[in-house]
Amino acid sequence: MANIMKSSISFSEWCESLLNNETWFVSITTNAQYKEIIRCQLIKEFSEIELRKIDRKIIQDYINRLKESGLSASRIASILGVMNLVMEEALCHRYITRNPCLNVNLPGKIRKRISVLNDDDIRKLMNEFHDHRYYPVIMIMLILGLRIGEALGLCWDKVDLKNKEIEISRQYLSYYADGRNVNRLVDYTKNKKIRILPMPSLIYDLLSGMEKSGTFVFTEKGNPVRYDAFYYEFNKIMKQIGR
């Protein structure tokens, strides 16, 4: 049987070719996440090893070391997922004859018990944090069931006060790219679905009483509320109410 493989190429050379091909990535956040894993994890580990010499045992040993280092199961799964994509692409380009990530075993994932806010928690939020600068954001997340990015990405053009409806079709993302934190509004939600939500009285009263000072509903000093700033304060508030 003829050898279908192309000439040898190192793992790092192959990864660099992928990193320079923007069409390989799916979205803005995926782009940043893939690049971070490839550069900081995979290239660092496999470096100049020939692509075709990386087998299942090498990858399994790597996964086992990550587990022993204390890295979370979800993070390890993300790393293996990107490695699988890298090797699958190499297979498509005939640099290898088999994807060595197949049948690599991941560490067991501990399921976390989901904690939801009860009536007492909600009362504490409404009574003790009514004057907090992020109170409107928290209320709209709580009552409408929005993700943080969806709430922070809400713009006035999607708020229909006349018909008391809100369109959820964007999100405000925060991610690391090229060594810096990036905040950006994108025209899609996490599941890529648009939702039209009725506006309860409490939300109507909050929004109708706010000044429309720009594109975004929630702003600080004329700028959109930063994801990381809100996330930090939100966690502080949750701890204060016992969550």
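Computed from a prediction, not measured in an experiment: that's the story for all the values here.

This paragraph deals with helix α4 (residues 73-92). Taking 1.5 Å as the rise per residue, α4 with 20 residues should run 28 Å; its terminal C-alpha atoms sit 28 Å apart, in good agreement. Within α4 the residues assigned to the buried category are A73, I76, I79, L80, V82, M83, V86, M87 and A90. Immediately beyond the C-terminal end of α4, within one or two residues, lies R94, with a positive phi of roughly 65 degrees.

Here we take up the pairing of strand β2 (residues 165-168). In regular strands, side chains alternate between the two faces of the sheet. Along β2, the buried face is formed by I166 and I168; none of E165 and E167, which line the opposite face, is buried. Pairing of strand β1 (residues 159-160) with β2, which is carried by two bridges, proceeds in the antiparallel orientation. When the sheet's bridge partners are listed, D160 is paired in β2 with E165.

Enumeration according to the criterion identifies seven aromatic pairs in this entry. Relative to Y62, the ring of F46 lies with its centre 5.2 Å away and its plane at 75 degrees, an arrangement referred to as edge-to-face. Remark: Y62 occurs in helix α3 (residues 56-68) and F46 occurs in helix α2 (residues 28-46); sequence separation between them is 16 residues. Overall, the relative accessible area of 2% leaves F46 in the buried class. Grouping aromatic residues by their ring pairs yields a cluster made of F11, F46 and Y62. Across the ring face of Y204, the terminal group of K164 is positioned such that the distance to the ring centre comes to 4.7 Å.

What follows concerns the nonpolar core. Core analysis: the biggest nonpolar cluster contains 35 residues, and L125, I140, L154, I166, L207 and F230 have the highest contact counts within it. Elements with a minimum of two residues in this core: α6 (135-144), α7 (148-152), β2, α8 (201-208) and α9 (227-240). With seven residues, the single largest contributor to this core is α6. Not counting the four nearest positions on each side in its chain, F230 is found in contact with Y134, V137, I138, M141, I148, L152 and V225. Counting 30 residues, the second largest nonpolar core, distinct from the first, contains L42, L66, I79 and A90.

Thresholds applied
- Residues numbered from 1 in each chain as written.
- Predicted model: local features only at pLDDT ≥ 70, side-chain atom pairs only at ≥ 80, totals over all residues.
- Heavy atoms only, no water.
- Helix = DSSP H or I, 4+ residues; strand = E, 2+ residues; numbered from the N terminus.
- Expected span 1.5 Å × (residues − 1).
- Buried < 20%, exposed > 50% of the residue type's maximum accessible area, 1.4 Å probe, protein only.
- Pairing = 2+ DSSP bridges.
- Phe/Tyr/Trp six-rings, centres within 6.5 Å; stacked < 30°, edge-to-face > 60°.
- Lys NZ or Arg CZ within 6 Å of the ring centre and 35° of its normal.
- Core = buried A, V, L, I, M, F, W, Y, C linked by side-chain atoms within 4.5 Å.
- Contact = heavy atoms within 4.5 Å.

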